[in-house]
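The lines below spell out each chain.
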Amino acid sequence: MAEAWLDLMQILASTLRLSAPLIFCAMAGLFSERAGVVDIGLEGKLLMGAFAAAAAASATGSPWLGLFAAIAAGMALALVHAFACVTHRGDQIVSGVAINILASGLTVVLGIAMFSQGGQTPPLSRPERFGDITLPFTETFADIPYFGPFYAELLSGQNLLVYLAILAVPITGFVLFSTTFGLRLRAVGEAPEAVDSAGYSVAWLRYRAVLIAGLLCGIGGAYLSIAHGGGFVREMSAGRGYIALAALIFGKWKPVPTLFACLLFGVLESTASRLSGVDLPVIGEIPVEVILVAPYVLTVILLAGFFGRAIPPRALSIPYVKER
Amino acid sequence: MSAPPAISLRGISKRFGAVQANDAVDLDVAEGTIHGIIGENGAGKSTLVSILSGHYGADAGEIALFGESVKLASSADAIARGIGMVHQHFMLVPNFTVLENLQLGFAKTRLLKAGRKDLLARIAAISSAYGLEVDPFAVVERLPVGLQQRVEIVKALIGGGRILILDEPTGVLTPDETDRLFESLGVLKAKGVTILLITHKLREVMAVTDNVSVMRRGKMVAHRQTAQTNREELAELMVGRAVRPVRNVSPSANGEVVLQVERLSVRDETGAERLREVSFDLRAGEILGVAGVAGNGQSELLAMLAGLMPPAAGTVRIGAREIGAASPSDPAEMRALGLAHVPEDRRREGLVLPFAMRENAVLGYLDEARARRPWMIDRTRMTGRCQALMDTFDVRPANPALRAAGFSGGNQQKLVLAREHGASPRILLVGQPTRGVDVGAIEFIHRQLLALREAGCAIILVSVELDEILALSDRIMAMNGGRIVGIVDAAEADRQSVGLMMAGVAHPLPTGTAEPVYRDEAIL
């Protein structure tokens, strides 16, 4: 029993670690899309953030400078997106896809130019990364049944950015739903003309929302390359930006349901890696391909509307033009 | 003569591309009055008030408020100067509460919670001072349109509104809601608020304004004191020529029955009964006007008769064909039976806006445009047909290649009517034929409907404009809650009696009888 509990705690801990980048990206998407700007470029900003973090950390030896570089990279791409979609009222999907393609190519080109390792950065060692934080009293609680493993495996021993990801959810909720800025941001995604006639700039609100999205994606990228992983590998975002977008839609553009959607995708990924090669009773050995494909199949099923229709923000994807 | 005018405009000009929307417009509005601005669609009324509300900057001209020269560079500027604007299309976030919509513009604190109490108190103060009750916690989209508009008025006043601008405020309101709006405007005026009312409805101008200014093609053409003018003069000033309201005066043809509706019921997708046991006959050569506040089953009646909704019970008989729950129809069959349909919402149901007019001209009548091969469209014939329709119905500009979206409401409606007219229908269903249509075009459309009637076509006319129903109908059928309250000869009907029937009061007694008799009481 105790062993099963320990297993469970380990699965949950790995779920948390695998969900963290999804959470950053989904909260990023939440800001952008609630303001009416579709963000399919989460993937690209995540990848760019990952590269910038690893490159900066490798060059300076400081994970903090890596994080800072990742945020700057994410926001720079966000600025491009906002310039194209808000200032020039371009198509938001096209701009997002362009950002993804740009990030995919640019990271490899810069990587080869800077490090000559086939697009990778050199592996990062401990001081260049965000290490796991062991909370106090881990030793003290170790002998307490159930709570001990819970504390040691799940609560303690995560890196800083995992805690930050979890914290990002209530912060996002607070900003969007308890501040005047958040109210206006949501209004701009529903009825921008109402915001305009109230005397507030639609463009400036959307710029801020998209930039916040860039910031969060940047942190997510830093998590991939200098916290969870130890260095940048080409295409290391591996579709997480898209999964986050799916989680956002499945979570109906609300922070807490979106968090749970992210965790659901995380749990699939973590059980998948544990199940591969394991001989299960009745079913037998599950082919690893089936397990790997599970999150994507789930995405399709969820998005096909099996769980109730999600109503997107009304002005989503529509550039704001003063009428006549 | 001492107080400067609340609003003083001098030489306001604004150009959009080739269109001179406002051409050296002058206007003075005295403080504490209701001032009407009338004009046809495209006369420049909306542009003028958009300049006054800071939405656009004028190319030239001076604006002075209460004697002080001002620059209005943005909406925020105008709000700060006490100008509150109620737009034709509400500037509200539909899924926010009333309070959230007001916080949008007027929250002064970073946290919503901090300024909440203060704002609630201001809402309550406005509500009680002007008799504008609103529930701050109601979600806007669940409120009736009249109340949504009230929220807009409260919003305009909360900004410190000394000047209230209303752009076509009654277009979306029921007659009852309109009356209540005008009562509120009276209260506001008594409290010293200056009101600018933009409209194209002469009745409203005559009913509530103190002064009226008329615009035509971007110019201000006349200023009048309301008490010293009349509808005829204003109509003439608006259109630039004499307008004679069209009336149906010739006796009814009393033709054969072409459509028989018996105990017809219709349910919507949610299963709610929208039409309850409706029975009536329609004769060739008559116009049956269907009066009712929007949403009382008229739309469903039209949709059912056009073959768009199946009957839940009862029958509709056209010639030998009997349509019932077991034998529903479809639009193509109804057309084959000689029925044509001018839908209520021409922009969504009558036209495909991004299509060229020539394509719109053959929608539903593709046989007319087909070439020798049944799967091909003959573009020359299609264009020719559209050109012919445009010429006979005076659609301007008469260019079949232009997109439908670029035409004015009146010209769009004329094309839809022309298309359906071209099929030489025996029965014509017409929904809201003059909604958002200019006075000149209204006159034209009314004449065409009467001409069709003379030619023996049976017409069902659904309209929320009671004046239109009264002017054109042979018989008037009033609906309430999906039922027919009564059918009366138009000759015996007036605004009051039909209005009572629309409210659900059956069989109004001849004039002179004091109390209306309610159906249930009448049985006793």
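Residues numbered from 1 in each chain as written. Chains lettered and ligands numbered in written order. Predicted model: local features only at pLDDT ≥ 70, side-chain atom pairs only at ≥ 80, totals over all residues. Heavy atoms only, no water.

Describing the overall build of chain B
Step number 1: For chain B, the helix and strand inventory stands at 18 helices and 20 strands.
Step number 2: For chain B, the spread of C-alpha atoms along the three principal axes comes to 75 × 65 × 50 Å.
Step number 3: Classification of the 524 residues of chain B by burial places 53% in the buried group.
Step number 4: Taking the intrachain contacts of chain B between residues at least 6 apart in sequence as the baseline, contacts between residues at least 24 apart amount to 66%.
Step number 5: With the model as given, the accessible surface of chain B reaches about 23600 Å², and the carbon-plus-sulfur share is 51%.
Step number 6: Of the side chains in chain B, 59 bear a positive and 61 a negative charge, and the two mean positions are spaced by 5 Å. (Helix = DSSP H or I, 4+ residues; strand = E, 2+ residues; numbered from the N terminus. Buried < 20%, exposed > 50% of the residue type's maximum accessible area, 1.4 Å probe, protein only. Contact = heavy atoms within 4.5 Å. Areas by Shrake-Rupley, 256 points an atom, 1.4 Å probe, with all protein chains shown as cover. Lys, Arg positive; Asp, Glu negative; His and termini not counted. Charge placed at Lys NZ, Arg CZ, Asp CG, Glu CD.)

Description of the sheet that holds strand E15 (residues 321-323) of chain B
All names here are of chain B.
Step number 1: Spatially, four strands are ordered E12-E11-E14-E15 in an open sheet, and the strand pairing comes out antiparallel. Two strands lie at the open edges of the sheet, namely strand E12 (273-283) and E15, each paired on one side alone. Each neighbouring strand pair of the sheet contributes to a mean axis angle of 15 degrees, computed without reference to strand direction. (Pairing = 2+ DSSP bridges. Axes fitted to C-alpha atoms, helices over the stretch in contact; angles between N-to-C directions.)

Focus on the packing of aromatic side chains
Two numbers describe a pair of aromatic rings. These are the distance of the centres and the angle of the planes.
Step number 1: The full count for this structure, using the stated rule, is 10 aromatic pairs over all chains.
Step number 2: Three or more aromatic residues link up through ring pairs in this structure, and these residues are Phe-137, Phe-141, Phe-147, Phe-150 and Tyr-151 of chain A.
Step number 3: Positioned above the aromatic ring of Tyr-365 of chain B, the side-chain terminus of Arg-335 of chain B is 5.5 Å from the ring centre.
Step number 4: In this structure, Lys-414 of chain B is placed above the aromatic ring of Phe-444 of chain B, and the distance from its NZ or CZ to the ring centre is 5.1 Å. (Phe/Tyr/Trp six-rings, centres within 6.5 Å; stacked < 30°, edge-to-face > 60°. Lys NZ or Arg CZ within 6 Å of the ring centre and 35° of its normal.)

Notes on the domain arrangement of chain B
Step number 1: Under the domain assignment used here, chain B contains domain 1 (7-239), domain 2 (245-338 + 425-524) and domain 3 (351-424).
Step number 2: Computed over C-alpha atoms, the centres of domain 1 of chain B and domain 3 of chain B are 38 Å apart. (Domains from an automatic or database assignment.)

A look at the packing of helix H1 (residues 2-34) of chain A against helix H7 (residues 160-178) of chain A
All names here are of chain A.
Step number 1: At their nearest, the axes of H1 and H7 sit 8 Å apart, and the two run at 20 degrees to each other. Accordingly, the angle class assigned to the pair H1 and H7 is roughly parallel. The element H1 and its partner H7 pack so that their crossing is left-handed. Facing Leu-16, Arg-17, Ala-20, Ile-23, Phe-24, Met-27, Leu-30, Phe-31 and Arg-34 of H1, the residues of H7 in contact are Leu-161, Val-162, Leu-164, Ala-165, Ile-166, Ala-168, Val-169, Thr-172, Val-175, Leu-176 and Phe-177.
Step number 2: In terms of residue class, the contact of H1 with H7 is made up of 17 nonpolar, one polar and two charged. (Parallel < 35°, antiparallel > 145°, perpendicular 65-115°, else oblique. Left-handed = near helix turned anticlockwise from the far one by under 90°. Nonpolar A, V, L, I, M, F, W, Y, C, P; charged D, E, K, R; others polar.)

Here we look at the layout of surface pockets
Where empty space is left can be seen by rolling a probe of water-molecule size over the atoms.
Step number 1: When its volume is computed, the second largest pocket comes out at roughly 420 Å³.
Step number 2: In terms of lining, the second largest pocket is formed by 16 residues, of which the most central are Arg-34, Glu-190, Lys-254 and Ile-311 of chain A together with Asn-95 of chain B. (1 Å grid on protein atoms, 1.4 Å probe; cavity = no way out; pocket = protein on both sides within 12 Å on 5 of 7 lines; lining within 4 Å. Points joined across faces, edges and corners; volume = space filled by probe spheres on them.)

Some points on the state of the cysteines
Each disulfide consists of a covalent bond between the sulfur atoms of two cysteine residues.
Residues and elements named next belong to chain A.
Step number 1: Summed over the entire model, instances satisfying the criterion amount to zero disulfides over all chains.
Step number 2: Summary of cysteine pairing: Cys-25 is not part of a disulfide, and the nearest cysteine sulfur, belonging to Cys-217, is at 4.3 Å.
Step number 3: With relative accessibility at 0%, the residue Cys-25 sits in the buried group. (Disulfide = S-S within 2.5 Å.)

Some details on empty space enclosed by the protein
Step number 1: The full count for this structure, using the stated rule, is one cavity of 30 Å³ or more.
Step number 2: The volume enclosed by the largest cavity comes to roughly 260 Å³.
Step number 3: As for the largest cavity, its lining consists of 21 residues, and the residues nearest its centre are Ser-197 and Ala-198 of chain A together with Ile-79, Met-85 and Lys-155 of chain B.
Step number 4: For the lining of the largest cavity, the elements supplying multiple residues, two or more each, are helix H9 (192-197) of chain A together with helix H2 (75-80), strand E6 (83-86), helix H3 (98-106) and helix H5 (145-158) of chain B.
Step number 5: With four residues, the top contributor of residues to the lining of the largest cavity is H3 of chain B.
Step number 6: Along the lines of polarity and charge, the residues of the lining of the largest cavity split into 10 nonpolar, nine polar and two charged.

What to know about the pattern of salt bridges
Step number 1: Summed over all chains, the structure comprises 28 salt bridges over all chains.
Step number 2: Two residues, Glu-168 of chain B and Lys-45 of chain B, come together in a salt bridge whose shortest N-O distance is 3.7 Å. With a gap of 123 residues between them, Glu-168 of chain B in the loop between strand E7 (163-167) and helix H6 (175-190) and Lys-45 of chain B in helix H1 (residues 45-52) connect regions that are remote in the sequence. Here Glu-168 of chain B matches Lys-45 of chain B in class, with each residue buried.
Step number 3: In this structure, the salt-bridge partner of Asp-467 of chain B is Arg-203 of chain B, at a minimum N-O distance of 2.9 Å. Of this pair, Asp-467 of chain B sits in helix H16 (residues 466-472) while Arg-203 of chain B is found in helix H7 (residues 202-208), placing the two residues 264 residues apart along the sequence.
Step number 4: Among the residues examined, Arg-203 of chain B registers a relative accessible area of 31% and is labelled partly exposed.
Step number 5: A network of salt bridges, in which partner residues are shared, links Glu-190 and Arg-314 of chain A together with Glu-141 of chain B. (Salt bridge = Lys/Arg side-chain N within 4 Å of Asp/Glu carboxyl O.)

What to know about the environment of Ala-84 of chain A
Step number 1: Mapped onto the fold, Ala-84 of chain A is located in helix H3 (residues 63-87).
Step number 2: Look past the residues within four positions of Ala-84 of chain A in its chain and what remains in contact with it is Arg-89, Gly-90 and Ser-95 of chain A.

Overview of the interface of chain A and chain B
Step number 1: Contacts between the two partners involve 23 residues from chain A, matched on the other side by 25 residues from chain B.
Step number 2: One salt bridge connects Arg-314 of chain A with Glu-141 of chain B, and the closest N-O pair in it is separated by 3.3 Å.
Step number 3: Secondary-structure elements contributing two or more residues to the side of chain A that touches chain B are H7, helix H8 (180-190) and H9 of chain A.
Step number 4: The biggest single contributor to the side of chain A that touches chain B is H8 of chain A, with six residues.
Step number 5: Its residues placed into classes, the side of chain A that touches chain B shows nine nonpolar, five polar and nine charged.

With respect to the packing of helix H13 (residues 379-392) of chain B against helix H14 (residues 409-422) of chain B
Residue and element names in this part refer to chain B.
Step number 1: It is at 9 Å that the axes of H13 and H14 come closest, and there the two elements cross at 115 degrees. Taken together, the axes of H13 and H14 are roughly perpendicular relative to one another. Between H13 and H14 lies a crossing whose hand is right-handed. Along its contact with H13, which presents Arg-385, Cys-386, Leu-389 and Met-390, the element H14 presents Leu-415, Ala-418 and Arg-419.
Step number 2: Of the residues belonging to the contact of H13 with H14, the class tally is five nonpolar, no polar and two charged.

Here's the deal with the side chain of His-87 of chain B
Step number 1: Tracing the backbone through its elements, the reader meets His-87 of chain B in the loop between E6 and H3.
Step number 2: A residue is classified by how much of its surface remains accessible, and His-87 of chain B, at 15% relative accessible area, is buried.

Digging into the sheet that holds strand E2 (residues 19-29) of chain B
Residue and element names in this part refer to chain B.
Step number 1: Strand order in the open sheet formed by four strands is E2-E1-E4-E5, and the pairing between neighbours is antiparallel. A single partner strand is all that each edge strand has here, and the edge strands are E2 and strand E5 (68-70). For this sheet the average axis-to-axis angle between neighbouring strands, irrespective of direction, equals 30 degrees.
Step number 2: Here strand E1 (residues 7-16) pairs with E2 via seven bridges, running antiparallel. The partner of Leu-9 across the bridge, within E2, is Leu-27.
Step number 3: Running at roughly 115 degrees to E1, H1 makes contact with E1, E2 and strand E4 (60-65) of the sheet.

Some remarks on unusual backbone geometry
Step number 1: The amide bond that connects Arg-396 of chain B to the next residue, Pro-397 of chain B, takes the cis arrangement and shows omega of -5 degrees.
Step number 2: Note that Pro-397 of chain B resides in the loop between H13 and H14.
Step number 3: Its identity is not glycine, yet Arg-89 of chain A carries a phi of approximately 55 degrees, on the positive side.
Step number 4: Looking at the secondary structure, you find Arg-89 of chain A in the loop between H3 and helix H4 (92-115).
Step number 5: The partly exposed category is assigned to Arg-89 of chain A, whose relative accessible area is 46%.
Step number 6: Positive phi is not limited to glycine here, since Asp-394 of chain B has a value of about 55 degrees.
Step number 7: Assignment of secondary structure puts Asp-394 of chain B in the loop between H13 and H14.
Step number 8: Exposure remark for Asp-394 of chain B: the relative accessible area of 31% places this residue in the partly exposed category.

Some points on the side chain of Ser-213 of chain B
Residues and elements named next belong to chain B.
Step number 1: Looking at the element boundaries, Ser-213 is found in strand E9 (residues 211-216).
Step number 2: With relative accessibility at 0%, the residue Ser-213 sits in the buried group.
Step number 3: Engagement of the side chain of Ser-213 in a polar contact is seen with the side chain of His-223, the distance being 2.8 Å.
Step number 4: Among residues more than four places away in sequence, those in contact with Ser-213 are Leu-27, His-35, Gly-36, Ile-37, Ile-38, Met-220, Ala-222 and His-223. (Polar contact = N/O pair within 3.5 Å; in protein donor to acceptor, adjacent residues only side chain to side chain.)

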